[in-house]
Amino acid sequence: MRAALILALTLTLAACSTPSIVKDAADWVLPKGEKLQWKALRLQPQPNANQNSPIALDLVLALDQVTADKLETLTGTQWHLQREGLLNGLQGMVAIQKFELTPGDGIQVLEDELPKARALHAYVFANLKGEAVGRLRISTRPKQVVIEVGETELHLRTDPPLRP
């Protein structure tokens, strides 16, 4: 009994002093985040979406917390204006899929066409006219995700709907 207690204490103290290289290796073996569990993503612009103009829309997966914190501060317009510079600075920390939408014409993205990376957070950035935020943060867990693009805003629907 006493030997087990000493062994447990020794292992606990050793874990506290684990070198960062071992912790980094653990993150590599057991990566943070989770894969998208979506079976499909529907991008549905209304007929008057973006004041009846084409819409650039990006699905962006943040692969670490620093990147997620940065993306959380951006509007859709800021993302699209700064995208190339941001991608250079965030190399390997985002997975991105770009779309071009026409008002009234939706796109169905099937599961095998969606990014496969593990993500801490998923975002949709739409380059909308006016003062619209143009950003949605989306859970990786729903099976069906629908992004509705209105005249000046984005709306999220999941199937089944998320509980409050």
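What counts and how
- Throughout, a residue's number is its position along its own chain's written sequence, starting from 1.
- In view of the model being predicted, local features appear only for residues whose pLDDT reaches at least 70, and side-chain atom pairs are presented and counted only at 80 or more, with totals across whole chains, interfaces and linings using the full set of residues.
- Calculation of side-chain values draws on the structure's entire complement of heavy atoms; hydrogens and water are dropped beforehand.
- Numbering of helices and strands starts at the N terminus; helices are DSSP runs of H or I of at least 4 residues and strands are runs of E of at least 2.
- Burial classification: accessible surface area is computed with a 1.4 Å probe over protein chains only, and a residue below 20% of its type maximum counts as buried, one above 50% as exposed, and the rest as partly exposed.
- We call two residues in contact when some of their heavy atoms are within 4.5 Å.
- Stacked, tilted and edge-to-face are the three classes assigned to paired rings of Phe, Tyr and Trp, where Trp is represented by its six-membered ring and a pair needs centres within 6.5 Å; plane angles under 30 degrees give stacked, over 60 edge-to-face, the rest tilted.
- The working definition used for a salt bridge is a side-chain nitrogen of Lys or Arg within 4 Å of a carboxyl oxygen of Asp or Glu.
- The term nonpolar core refers to a set of buried residues drawn from Ala, Val, Leu, Ile, Met, Phe, Trp, Tyr and Cys, joined through side-chain atoms within 4.5 Å.
- This arc describes the spread of directions from the helix axis toward the C-beta atoms.
- We call two N or O atoms a polar contact when they sit within 3.5 Å, provided that within protein one can donate a hydrogen and the other can accept it, with sequence-adjacent residues counted only if both atoms are side-chain atoms.
- Here, any two strands with at least 2 DSSP bridges between them count as paired.
- A fitted line through C-alpha atoms represents every axis, and for helices the fit uses only the stretch in contact; the resulting angles, taken between N-to-C directions, go from 0 to 180 degrees.

Draft legend 1. View of the overall build of the protein. Scanning the protein from terminus to terminus reveals five helices and eight strands. Going from the N terminus to the C terminus, the protein shows its helices and strands as α-α-β-α-β-α-α-β-β-β-β-β-β. Here the protein holds 164 residues, and the buried ones make up 36% of them. For the protein, the proportion of contacts with a sequence separation of at least 24, taken over those separated by at least 6, is 71%.

Draft legend 2. View of the packing of aromatic side chains. Tallied over the full model, the rule gives two aromatic pairs. Judged by centre distance (5.1 Å) and plane angle (20 degrees), the ring pair of Trp79 and Phe125 falls under stacked. Of this pair, Trp79 sits in helix H5 (residues 76–89) while Phe125 sits in strand S5 (residues 121–126); the two residues are 46 residues apart in sequence, bridging distant segments of the chain. Exposure remark for Phe125: the relative accessible area of 0% places this residue in the buried category. Judged by centre distance (5.9 Å) and plane angle (25 degrees), the ring pair of Tyr123 and Phe125 falls under stacked. Through a chain of ring-to-ring contacts, the aromatic side chains of Trp79, Tyr123 and Phe125 assemble into a single cluster.

Draft legend 3. Structural detail: the pattern of salt bridges. Overall, the coordinates contain seven salt bridges when judged by the stated rule. Glu34 is the partner of Arg141 in a salt bridge, and the nearest nitrogen-oxygen pair spans 3.3 Å. On the criterion of sequence distance, the pair formed by Arg141 in the loop between strand S6 (135–138) and strand S7 (144–149) and Glu34 in the loop between helix H2 (20–29) and strand S1 (40–45) is long-range, its members being 107 residues apart. For Arg83, the salt bridge is made with Glu84, and the minimal N-O distance between the two is 3.5 Å. For Arg83, a relative accessible area of 16% gives the class buried.

Draft legend 4. Region of the structure containing the environment of Leu128. As for its position among the elements, Leu128 is in the loop between S5 and S6. Taking the C-alpha atoms as reference points, Leu128 and Gly76, 52 residues apart in sequence, are found 7.0 Å from one another. Setting aside residues no more than four positions away along its own chain, Leu128 makes contact with Asn50, Ile55, Thr77, Gly134, Val149, Thr152, Glu153 and Leu154.

Draft legend 5. Region of the structure containing the nonpolar core. In terms of nonpolar packing, the biggest core is built from 26 residues, with Trp38, Leu41, Leu57, Ile147, Val149 and Leu154 touching the most fellow members. Listing elements by their share of this core, those giving two or more residues are S1, strand S2 (55–62), strand S3 (94–101), S5, S6 and S7. Looking at this core element by element, the count peaks at four residues for S2. Those residues in contact with Val149 that sit more than four places away from it in its chain are Gln44, Pro45, Gln46, Ala49, Ile55, Leu57, Leu101, Leu128 and Leu154.

Draft legend 6. Representation of helix H4 (residues 65–72) in the model. Considered for burial, the residues of H4 that qualify are Thr67, Ala68 and Leu71. Seen from one end, H4 has its buried residues packed into an arc of 100 degrees, which puts them on one side. On the buried face of H4, the contacting elements are S2, H5, S3, S5 and S6.

Draft legend 7. Local environment of the side chain of Asp58. Checked against the element boundaries, Asp58 lands in strand S2. A polar side-chain atom of Asp58 sits 2.5 Å from a polar atom in the side chain of Arg83. Those residues within four positions of Asp58 in sequence are excluded, and the remaining contacts are Trp79, His80, Arg83, Ile96, Gln97, Lys98, Phe99, Tyr123, Val124 and Phe125.

Draft legend 8. Expanded view of the sheet that holds S5. Strand order in the open sheet formed by four strands is S3-S2-S5-S6, with antiparallel pairing between adjacent strands. The outermost strands of the open sheet, each flanked by one partner alone, are S3 and S6. Going across the sheet, the axis of each strand differs from the next one's by a mean of 20 degrees, ignoring polarity. Pairing of S2 with S3, which is carried by eight bridges, proceeds in the antiparallel orientation. Looking at the pairing, Ile55 lines up with Leu101 of S3. Sheet strands touched by H4: S2, S3, S5 and S6. Its angle to S5, the strand with the most contacts, is close to 30 degrees.

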